[in-house]
Amino acid sequence: MVTMPTFQLNSQNYHSTEANQRYFSVSQFKQFNQCSAKAMAMLNEEYVRKESSALLVGSYTHAAFDTQEEFEKLIEENHSSIFNNRGNKYSDFQTADAMIQTIKDDPFAMFAMEGEKEQIYTAEIFGVPWKVKVDSVNHGRRTFTDLKTTQSLSKRTWSTKYEMYVSFVEAWDYVLQMAIYRKVLELNTGFAYNPYIVAVTKEDPPDKAVIHFDIERFQFEIDFVEAVMEKMISIKNGEIAPTRCEQCDYCRSTKKLSNSIEMGRLLD
């Protein structure tokens, strides 16, 4: 059963299986929304997602704006993945260094990221506990900021959720993330904080932007989450069976054929 947790979250156990079993998070919500079979397999430790270089590059970029100690610790723990046998950084991390420097050289971007780093908050929303870990929170300005990397600021992607072409912000459900973070912060502080995204691209040279939001966007996201939460909670509680998407890495790795399909269904 999903119940209010009785243990204290910290940076060491935030991403643990136990924490994920006890709490919902934005990333877990997106996993359930994309493929509840994969989400449950991960929660039950029946499936472990392969660590990708993209995830490590993201962690590397974020750590660069945390303490120097945390940044050096990440490099030490992942030295063989960051450096080749000649002692040079792999190209993805050279690109990340350029992205990091692009942000550090921009006073406005650094201003937007001022605040307490990697802050953990919890709150009950829709009848279940949620956890969030915010990149930067500035209580004096009542703002919070998340650092995002992307291929391009102007790339358009078709979204079945919004039924139109959208920016990377909507395509990766960052508006939903900001809406949930804002709600959790409000429940913890009693104030509505304004969210920002500091975005930097993987282009050469990197592009960058500080992105704010029309607050009217958030109610749609909250309504969207609320509309599907009852089913997600039931799946997580083991009351109803999860559904396979038949497209993700988990579904591909566990797929069993039982019949042929007509050619036209390949594009369904």
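Reading the values: rules and limits
Residues numbered from 1 in each chain as written. Predicted model: local features only at pLDDT ≥ 70, side-chain atom pairs only at ≥ 80, totals over all residues. Heavy atoms only, no water. Phe/Tyr/Trp six-rings, centres within 6.5 Å; stacked < 30°, edge-to-face > 60°. Helix = DSSP H or I, 4+ residues; strand = E, 2+ residues; numbered from the N terminus. Buried < 20%, exposed > 50% of the residue type's maximum accessible area, 1.4 Å probe, protein only. Lys NZ or Arg CZ within 6 Å of the ring centre and 35° of its normal. Contact = heavy atoms within 4.5 Å. Expected span 1.5 Å × (residues − 1). pLDDT = per-residue confidence, 0-100. Salt bridge = Lys/Arg side-chain N within 4 Å of Asp/Glu carboxyl O. Pairing = 2+ DSSP bridges. Axes fitted to C-alpha atoms, helices over the stretch in contact; angles between N-to-C directions.

A. A look at the packing of aromatic side chains. Taken as a whole and judged by the stated rule, the model has 14 aromatic pairs. With a centroid separation of 6.4 Å and 40° between ring planes, the pair formed by Phe 144 and Tyr 181 is classed as tilted. Placement of the pair is Phe 144 in strand S3 (residues 143-150) and Tyr 181 in helix H10 (residues 174-189), with a sequence separation of 37 residues. This pair shows no difference in class: Phe 144 is buried, exactly as Tyr 181 is. Ring centres 5.3 Å apart and planes at 75° place the aromatic pair Trp 158 and Tyr 165 in the edge-to-face group. Classification of Tyr 165 as partly exposed rests on a relative accessible area of 48%. The structure contains a cluster of three or more aromatic residues connected by ring pairs, namely Phe 24, Phe 29, Phe 32, Phe 126, Trp 130 and Phe 224. For Arg 142, the ring lying beneath its charged end belongs to Phe 191, and the centroid distance is 3.5 Å. Over the face of the ring belonging to Phe 24 we find Lys 236, whose NZ or CZ atom lies 4.3 Å from the ring centre.

B. Fine view of the environment of Lys 161. Relative to the helices and strands, Lys 161 resides in the loop between strand S4 (157-159) and strand S5 (164-166). Given the relative accessible area of 21%, Lys 161 is considered partly exposed. Each C-alpha atom, one on Lys 161 and one on Asp 173, is 9.7 Å from the other, the two residues being twelve residues apart in sequence. If we ignore the near neighbours within four places in the chain, the residues touching Lys 161 are Asp 173, Leu 176, Phe 220, Glu 221 and Phe 224.

C. Expanded view of helix H7 (residues 91-104). The terminal C-alpha atoms of H7 lie 20 Å apart, and with 14 residues this matches the ideal 20 Å at 1.5 Å per residue to within 8%. Buried-residue contacts for H7 involve helix H4 (53-63), helix H6 (79-82), helix H8 (107-112), S3, strand S6 (194-201) and strand S7 (208-212).

D. Here's a closer look at the confidence of the model for the protein chain. For the protein chain, per-residue confidence averages 93 on the pLDDT scale, and 98% of positions sit at 70 or higher. Per-element confidence in the protein chain ranges from a low mean pLDDT of 89 for H4 to a high of 98 for S7.

E. Quick peek at the pattern of salt bridges. Enumeration according to the criterion identifies ten salt bridges in this entry. In this structure, Glu 114 and Arg 141 form a salt bridge, with 3.1 Å as the shortest nitrogen-oxygen distance. In this pair, Glu 114 sits in the loop between H8 and strand S1 (116-125) while Arg 141 sits in the loop between strand S2 (128-138) and S3, placing the two residues 27 residues apart along the sequence. Classification of Glu 114 by relative accessible area gives partly exposed; the value is 40%. The exposure class of Arg 141 is partly exposed, given its relative accessible area of 31%. Residue Lys 161 pairs with Glu 221 through a salt bridge whose shortest N-O separation is 2.6 Å.

F. Quick peek at H10. In this model, H10 (16 residues) spans 22 Å end to end at C-alpha, consistent with the 22 Å of a helix rising 1.5 Å per residue. Positive phi shows up at Gly 190, right after H10, with a value of about 85°.

G. Unusual backbone geometry, seen in detail. Cis geometry is adopted by the peptide bond preceding Pro 205, which originates at Asp 204 and carries an omega value of 0°. Assignment of secondary structure puts Pro 205 in the loop between S6 and S7. Phi angles above zero are rare outside glycine, and Phe 126 is one such case at about 55°. With respect to the secondary-structure elements, Phe 126 resides in the loop between S1 and S2. Residue classification places Phe 126 among the partly exposed positions, given a relative accessible area of 23%.

H. Structural detail: the sheet that holds S2. The strand order across the open sheet formed by five strands is S1-S2-S3-S6-S7, and the pairing between neighbours is mixed. Here the strands that pair on one side only, and so sit at the sheet edges, are S1 and S7. Averaged over all adjacent pairs, the angle separating strand axes in this sheet is 40°, with direction ignored. Here S2 pairs with S3 via three bridges, running antiparallel. Counted as the bridge partner of Ser 136 is Thr 145 from S3.

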